[in-house]
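Overview (structure and organization)
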Amino acid sequence: MMTTRADLLKLTPEALAQLANLGLVKRAQRELAAGYVPILELLPDGMLVALFPDQVRSEFAPGAGLKEARCSCGAALCRHRIAAVLRYAESSEHERTDEIQVATNFGSIDEPLVRAHTAASLWPLVDRALRKGIRIEVERTLSSDRRSEVFTARLPQATARYYAGADLAFARCDCVAQQRCEHIALGALALAKAGTLAEARIAIELGDHDDRAALPEAFSPTPFLQLIESLLQEGLAHGAAESPVVADTLSRALRASSDFGCTWLTLGLQAIEQWLEQYQQRSARFSYADGLQLLRELSLRLAVAEARAELPARGLLGLGEAMETPLDRLSLMSLGIRVQADGRERRATLAVVDCDTQTLLCLHKQWQRSADDPSSELAKLDQQRVAGSLRLSRLALGSLVTTTAKRRANLELKLGQSFAGKASISAHKGDWSALRAPLLIEDQAAWLRQHAHALPRELLPRSALPGFHVLRVAKVLRIGFDPAHQCLHALLADPSGAPWWLRRDYSAATPGALDAIARVLQEAQSSASAMHISGPVRRSSEGLVIEPWALSLGRLVVPDLAAADGGVSAVPLADAPCSVDDPLAQWLSAVDDSLCELLRDGLRRSGSTG
């Protein structure tokens with residue numbers, strides 16, 4: 001005899017909004033508050049019955065999710081079922097036990113149980129993934145109301161969330177199937193293998209280790225090594241960027257990576273191709289250091305994969321990673337935008353987070369400014385559209401729910417052009433309280449511990465927003481403006497008291513950015529409220545530095561969308577923090593400088609023998 005339905009008690013309003021939609025949850029909450037309250041009965045076999053005042057009857061059989069539950073109203077997914085779950089959680093609050101509040105033990109899940117919750121037609125896909133081997137990142141976090149725990153499994157093609165612990169009926173995937181798909185099955189097997197989880201992300205390898213560690217048959221590193229050799233031999237200053245030899249080796253390398261399905265190699269080669277184009281076009285974004293980093297990544301991935309060490313070749317090369325994945329309904333929240341200028345070309349990168357899976361995504365947009373265009377930078381930015389009529393600036397200041405999105409392997413987002421009727425946009429109130437680690441940083445020491453044993457960035461899955469985080473700031477210690485370097489800088493403290501540096505350089509493409517940042521920082525100095533700052537985090541000799549893309553202090557402020565108003569003039573003049581002399585860092589920098597010179601001049605003309 002069942003005395004409680006622990007699976008239903010775990011479903012918070014946040015989880016219900018993801019399993020159904022936010023509109024139905026809010027309507028159910030309003031009707032409950034207005035007195036439209038069902039009479040609940042839990043039968044001995046575990047069936048939960050809800051009878052509403054107008055005789056509408058909802059029934060939750062044991063193990064039945066929202067869509068499997070029956071309701072006499074006839075709707076495929078209705079407010080009655082949501083109201084029944086909300087009312088049951090409210091009326092059973094006193095029955096909660098430690099077992100309900102603690103994470104469900106995924107160790108109790110075995111393959112037959114997972115198979116029973118997966119459509120028979122999809123199980124061959126699970127078997128194929130297990131035969132090939134698959135890497136899945138799993139984590140446990142608290143829901144936004146901290147009432148229950150949510151488990152997440154990040155697969156190469158999708159992300160699955162488990163809102164009722166090991167009860168797979170209440171799991172949701174961001175693929176087009178949404179529920180009871182192969183991704184949920186694979187994620188559950190990974191969680192079962194992980195056992196008890198702390199609130200941190202760990203990687204689980206499923207499948208035979210020998211298969212995962214092995215390179216594909218007939219794979220040869222020769223085309224990739226030939227590309228590196230041709231670039232180093234020729235040298236960009238002596239025509240390597242236009243050389244038919246380099247172009248031919250790059251084409252062969254791209255063809256080889258595509259034939260073998262090495263997604264990370266393909267994305268890296270595409271980045272090298274863009275880097276060469278920047279050189280040819282005399283782009284202001286071009287840097288020898290960027291090319292050196294790309295070649296270093298390519299050679300390191302190949303070397304470690306050929307070593308057949310503990311790191312599987314599948315994860316190193318991106319084998320089996322879908323280059324593009326269609327997604328189900330996404331609820332996206334802006335984390336800011338960065339606009340960069342290159343002559344007359346403007347390139348904007350918008351950072352967004354999937355509120356359901358806490359996945360960081362980005363969207364790119366490029367446009368040109370004509371020489372005789374009288375409009376301002378902000379006016380031109382405001383004219384830009386993505387996915388039909390959606391304004392880029394409106395999205396950067398708001399939240400978007402869409403059903404026409406695709407995600408590239410490097411987390412770039414593509415919004416479908418058939419946009420009408422398939423999206424809703426709302427204003428962003430600047431509330432980032434629902435964000436969780438590892439995207440959110442609240443304790444520098446904990447964050448550094450997490451990264452202490454992490455793989456080098458060159459061996460991780462490629463990301464269009466490397467190092468991007470949201471930092472919670474407890475206090476602004478001081479602010480300064482350096483006129484020599486034209487930069488605004490500030491010393492911050494996170495809730496643990498650890499110091500952080502903020503730095504943002506002036507750019508004519510975003511004339512009001514420094515003014516907007518200065519206003520928020522000065523307001524935060526005199527306010528007791530916590531502030532959040534989003535942007536890329538980098539390590540430097542003076543400490544950890546964040547470049548702000550957006551700031552949240554009771555409202556959302558996006559600096560690149562702000563008009564210039566002279567706000568930075570109120571900031572005291574002060575030199576930016578100088579790099580601390582570090583012999584090792586200086587030596588490594590000198591090595592990189594020499595390699596960049598080699599990349600510029602080439603082995604044939606540098607006098608080096610390699």
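Since the model is a prediction, treat every value here as computed from it, not as a measurement. (Residues numbered from 1 in each chain as written. Predicted model: local features only at pLDDT ≥ 70, side-chain atom pairs only at ≥ 80, totals over all residues. Heavy atoms only, no water.)

Time to look at the overall build of the chain. Helices and strands together make up the secondary structure of the chain, namely 20 helices and 28 strands. Taken over the C-alpha atoms alone, the chain extends approximately 85 × 65 × 45 Å along its principal axes. Residues counted as buried form 52% of the 610 residues belonging to the chain. Considering only contacts in the chain between residues 6 or more positions apart, those separated by 24 or more positions represent 64%. Each charge sign in the chain was given a centre, from 68 positive and 72 negative side chains, and these centres are 5 Å apart. (Helix = DSSP H or I, 4+ residues; strand = E, 2+ residues; numbered from the N terminus. Buried < 20%, exposed > 50% of the residue type's maximum accessible area, 1.4 Å probe, protein only. Contact = heavy atoms within 4.5 Å. Lys, Arg positive; Asp, Glu negative; His and termini not counted. Charge placed at Lys NZ, Arg CZ, Asp CG, Glu CD.)

Right, let's get into the layout of surface pockets. Considering only enclosed or pocket space, the second largest pocket measures out at about 1,000 Å³ in volume. If you trace the second largest pocket, you find 33 residues lining it, with Q18, L22, S331, M333 and C355 closest to the centre. Elements with a contribution of two residues or more to the lining of the second largest pocket: helix 2 (13–19), helix 3 (22–33), strand 11 (330–342), strand 16 (398–402) and strand 19 (423–427). At five residues, the largest contribution of residues to the lining of the second largest pocket is made by helix 3. Residues that form the lining of the second largest pocket fall into these classes: 14 nonpolar, 13 polar and six charged. (1 Å grid on protein atoms, 1.4 Å probe; cavity = no way out; pocket = protein on both sides within 12 Å on 5 of 7 lines; lining within 4 Å. Points joined across faces, edges and corners; volume = space filled by probe spheres on them. Nonpolar A, V, L, I, M, F, W, Y, C, P; charged D, E, K, R; others polar.)

Attention now moves to the sheet that holds strand 1 (residues 39–42). Taken together, four strands build an open sheet; the order of strands is 1-2-3-4 and the sheet is antiparallel. A single partner strand is all that each edge strand has here, and the edge strands are strand 1 and strand 4 (70–71). Pairing between strand 1 and strand 2 (residues 48–51): four bridges, direction antiparallel. Paired with L40 across the two strands is A50, which belongs to strand 2. (Pairing = 2+ DSSP bridges.)

Residues of helix 7 (residues 123–132) that are buried: W123, V126 and A129. Buried residues of helix 7, seen end-on, are gathered within an arc of 120° and therefore sit on one face of the element. Immediately downstream of helix 7, the backbone of G133 shows phi near 90°, a positive value. (Arc of directions from axis to C-beta.)

This part takes up the nonpolar core. One finds L335 and L435 to be the most contacted residues of the largest nonpolar core, which totals 40 residues. For this core, the leading source of residues is strand 11, giving six residues. Contact partners of L435, with chain neighbours within four places excluded, come to M333, L335, V353, Q358, L440 and V470. (Core = buried A, V, L, I, M, F, W, Y, C linked by side-chain atoms within 4.5 Å.)

Turning to the sheet that holds strand 18 (residues 413–415), a few remarks are in order. Taken in spatial order, the three strands of this open sheet run 10-17-18, and their pairing is antiparallel. Because the sheet does not close on itself, it has two edges, and the strands there are strand 10 (324–326) and strand 18. Each strand axis lies, on average, 25° off the axis of its neighbour in the sheet, ignoring direction. Examined bridge by bridge, strand 17 (residues 405–408) and strand 18 share three bridges and lie antiparallel to one another. For R407, the partnering residue across the bridge sits in strand 18 and is L413. (Axes fitted to C-alpha atoms, helices over the stretch in contact; angles between N-to-C directions.)

The full count for this structure, using the stated rule, is eight aromatic pairs. With a centroid separation of 5.2 Å and an interplanar angle of 65°, the aromatic rings of F219 and F260 are classed as edge-to-face. Highlighted residues: F219 in the loop between helix 9 (209–213) and helix 10 (222–234) and F260 in helix 11 (residues 244–260), separated in sequence by 41 residues. Exposure remark for F219: the relative accessible area of 12% places this residue in the buried category. Relative to W549, the ring of F468 lies with its centre 5.2 Å away and its plane at 75°, an arrangement referred to as edge-to-face. Linking F468 in strand 21 (residues 468–473) with W549 in the loop between strand 26 (543–546) and strand 27 (550–552), this pair joins segments that are 81 residues apart in sequence. Among the residues examined, W549 registers a relative accessible area of 6% and is labelled buried. These aromatic residues form a ring-pair network of at least three members: W275, Y279, F286 and Y288. (Phe/Tyr/Trp six-rings, centres within 6.5 Å; stacked < 30°, edge-to-face > 60°.)

Take the side chain of D354 next. Inspection of the secondary structure assignment puts D354 in strand 12 (residues 345–354). Despite its burial, D354 pairs with no opposite charge; the closest candidate is R407, at 6.0 Å N-O. Other than its neighbours up to four places away in sequence, D354 contacts D174, L330, S331, L332 and T359. (Salt bridge = Lys/Arg side-chain N within 4 Å of Asp/Glu carboxyl O.)

On to the packing of helix 10 against helix 13 (residues 288–307), then. Running from N to C, helix 10 and helix 13 cross one another at 145°; their axes reach a closest spacing of 10 Å. Pair helix 10 / helix 13 crosses with left-handed handedness. For the pair helix 10 and helix 13, contact is made by F224, L225, L227, I228 and L231 and by L295, L298, S299 and L302, respectively. Its residues assigned to classes, the contact of helix 10 with helix 13 shows eight nonpolar, one polar and no charged. (Left-handed = near helix turned anticlockwise from the far one by under 90°.)

A word on the pairing of strand 6 (residues 149–154). For a regular strand, the rule is simple: side chains alternate between the two faces of the sheet. Buried residues dominate strand 6, accounting for six of its six residues. Burial of strand 6 is two-sided: the residues E149, F151 and A153 facing one way and the residues V150, T152 and R154 facing the other way are all buried. As paired strands, strand 6 and strand 7 (residues 159–162) are joined by four bridges and run antiparallel to one another. Residue F151 lies in a different strand from strand 7, and its bridge partner there is Y162.

Turning to the pattern of salt bridges, a few remarks are in order. Per the counting criterion, the structure on display carries 28 salt bridges. Close ionic contact of E205 with R135 constitutes a salt bridge, the shortest N to O distance being 3.7 Å. Note that E205 is positioned in strand 9 (residues 202–206) and R135 in strand 5 (residues 134–142), a separation of 70 residues in sequence. Classification of R135 as partly exposed rests on a relative accessible area of 25%. With a shortest N-O distance of 2.5 Å, R504 and D560 are connected by a salt bridge. One end of the pair, R504, is in strand 24 (residues 499–505); the other, D560, is in the loop between strand 28 (556–557) and helix 19 (583–601), with 56 residues separating them in the sequence.

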